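# Survey of secondary and tertiary structure
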Amino acid sequence: MILLSHPTANQNVRQTALAFAEAGLLEEFWTCVQWKRGSLFDKALFFSDRARNELRRRSFSAELQPFIRTFPWREWGRHFSAQFGLAANAAGFFSVDAIYRSLDRRVARRLAGAEKKIKAVYAYDAGALESFRAAKRVGMKCIYEHPIIYWRKVQQLQREEAQLHPEWAPTLNALVDSEEKLLRKDEELARADVVIAPSSFAQESLRATPNLKASIQVIPYGAPNVVERTFADEANKKLRVLFVGALSQAKGLGYLLQAAAHLDRQIELTLIGQRVSPVMPSAAVLDRHKWIPSLPHDELLAEMSRHDVLVLPSLHEGFGLVIPEAMAQGLVVITTAHTAGPDIITDGVDGFIVPIRSAEAIEEKLNYCVADRKLLCEMKRAAQRKAASLQWQIYRQQVVAMARAVIQ
């Protein structure tokens, strides 16, 4: 039996929890907020649409309800601070880091008095150290999912980017991580019995970890169910281009915006994601394009289906869940080799792989899509076929097989 812990429980975490629940392996699922759609709070007038959309991302399926345990106080503080326009200090009481550490300490207290039927704790990057320490004291196994790129590689890439484009430096959050936080991540890795990475690029980045004794297994994330669409040759319309993610240069956003500026009459660009800096991208840039700060997951998929191409030109991405999500909706994905793209996409068949830091390559591929709409339709159909072979059920089977091997 496994105790699973994650503060915000994004899509891959939910699929892991569901996998363990289906297999009879889940004992408890710890998170911060469990939101109920249609409740009085959900309909409350004092929530902005943006805040409500963010909170609706914290609702859970009925299958997980019996296992959920919440520790919500700091996370509520962060939401209400944002609701009233109060900026959270990066190291403050309601910071993301503080929320991760708070839940980690709560889970550690739970593990200290846990029944012997809990055999393992499954936790995530930056939120596992105290849980792992407690687990080791009582003889439990520690399964560590590292869904991002190892911090040393991230800092290297972001330092280079800050020098190349200093105007985007305020969006490169890894550059302000404390030494204490980074050493904490290394200790988490050192205490793990097995490390799970979602892509080959993520796995390779972790090989530089000091004192890592655990094996690194790649278990790629899945795609949502494919709803087949009819793709028409719309040569007389603008190409509908989508970006999904934090509005950060870590996601390569500046390079996409540069390419989009050259194709202004040929494409329509939609940006979905929250600002991480009040400076970049500028208000003028956001006004030029359609900008949606946040959407619940089902609405995000619906918005994807209204587009032709997803561009994710990340400098570093542990996986990039939006890649298979977009492919399932019939979008052609343009992404870099620093994502799960090379593991998923057949270049030129169901998507495109471009170098990092290349607005020219993004512009070239977008022009390719604009110029040959018949081929674009063929690539859309190929993207859906690829997504159909990457269903979440496969991920759930693989993560259950891994967990059984660890706790047997």
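Residues numbered from 1 in each chain as written. Predicted model: local features only at pLDDT ≥ 70, side-chain atom pairs only at ≥ 80, totals over all residues. Heavy atoms only, no water.

## What about the overall build of the chain?
For the record, the criterion: Working definition: helices are DSSP H or I runs of at least four residues, strands are E runs of at least two. Numbering for both runs from the N terminus. Only protein chains enter the accessibility calculation, which uses a 1.4 Å probe; a residue is then buried when its area is under 20% of its type maximum, exposed when over 50%, and partly exposed in between. The criterion used for residue contact is that any of the two residues' heavy atoms lie within 4.5 Å. Per-residue accessibility takes into account occlusion by the displayed protein chains alone, with areas from the Shrake-Rupley method and a 1.4 Å probe.
A tally of regular secondary structure across the chain gives 16 helices and 13 strands. When burial is assessed residue by residue, the chain has 57% of its 408 residues classed as buried. Across the chain, the fraction of contacts at a sequence separation of at least 24, relative to all contacts at a separation of at least 6, is 69%. Counting every atom, the chain has about 17,500 Å² of accessible surface; 52% of that belongs to carbon and sulfur.

## Some points on the sheet that holds strand β13 (residues 351-354)
This is how it is decided: Two strands are said to pair when DSSP picks up at least two bridges between them. Every axis in this analysis is a line fitted to C-alpha atoms, fitted for helices over the stretch in contact. Angles between the N-to-C directions lie between 0 and 180 degrees.
As summarised here, the arrangement of the six strands in space is β10-β9-β8-β11-β12-β13, forming an open sheet in which the pairing is parallel. Here the strands that pair on one side only, and so sit at the sheet edges, are β10 (290-292) and β13. Averaged over all neighbouring strand pairs, the angle between strand axes comes to 20°, with direction disregarded. When strand β11 (residues 309-312) meets strand β12 (residues 332-336), the two strands line up parallel, connected through four bridges. For Val-309, the partnering residue across the bridge sits in β12 and is Val-332.

## Brief notes about the sheet that holds strand β6 (residues 194-197)
In spatial order, the strands read β3-β2-β1-β4-β5-β6-β7; together these seven strands make up an open sheet with parallel pairing. Two strands close off the open sheet at either side, each with one partner strand: β3 (68-70) and β7 (215-218). Taken over all neighbouring pairs, the strand axes of this sheet differ in orientation by 20° on average, direction set aside. Of the strand pairs in this sheet, strand β5 (residues 141-145) and β6 are connected by three bridges, and their pairing is parallel. Bridge pairing in β6 links Tyr-144 to Val-195.

## What to know about helix α14 (residues 359-371)
Filter applied, for reference: The span you would expect from a helix comes to 1.5 Å times its residue count less one.
Across its 13 residues, α14 extends 18 Å between first and last C-alpha, which sits within 8% of the 18 Å expected from 1.5 Å per residue. Residues of α14 that are buried: Ala-359, Ala-361, Ile-362, Lys-365, Leu-366, Cys-369 and Val-370.

## Re the pairing of β6
So the rule is basically this: The handedness rule is simple: strands pointing away from the viewer, and a clockwise path from the first strand over the helix to the second, make the crossover right-handed.
With burial as the criterion, each face of β6 is covered, one bearing Val-194 and Ile-196 and the other bearing Val-195 and Ala-197. Bridge analysis of β6 against β7 gives four bridges, and the strand direction is parallel. Within β7, the position partnered with Val-194 by the bridge is Ser-215. In this view, the connection linking β6 to its parallel neighbour β7 by way of helix α8 (residues 200-206) has right-handed handedness.

## Overview of the environment of Ala-169
Within the secondary structure, Ala-169 sits in the loop between α6 (151-164) and α7 (179-191). Judged by its relative accessible area of 27%, Ala-169 is partly exposed. Separated by 81 residues in the primary sequence, Ala-169 and Ala-250 have C-alpha atoms spaced 9.5 Å apart.

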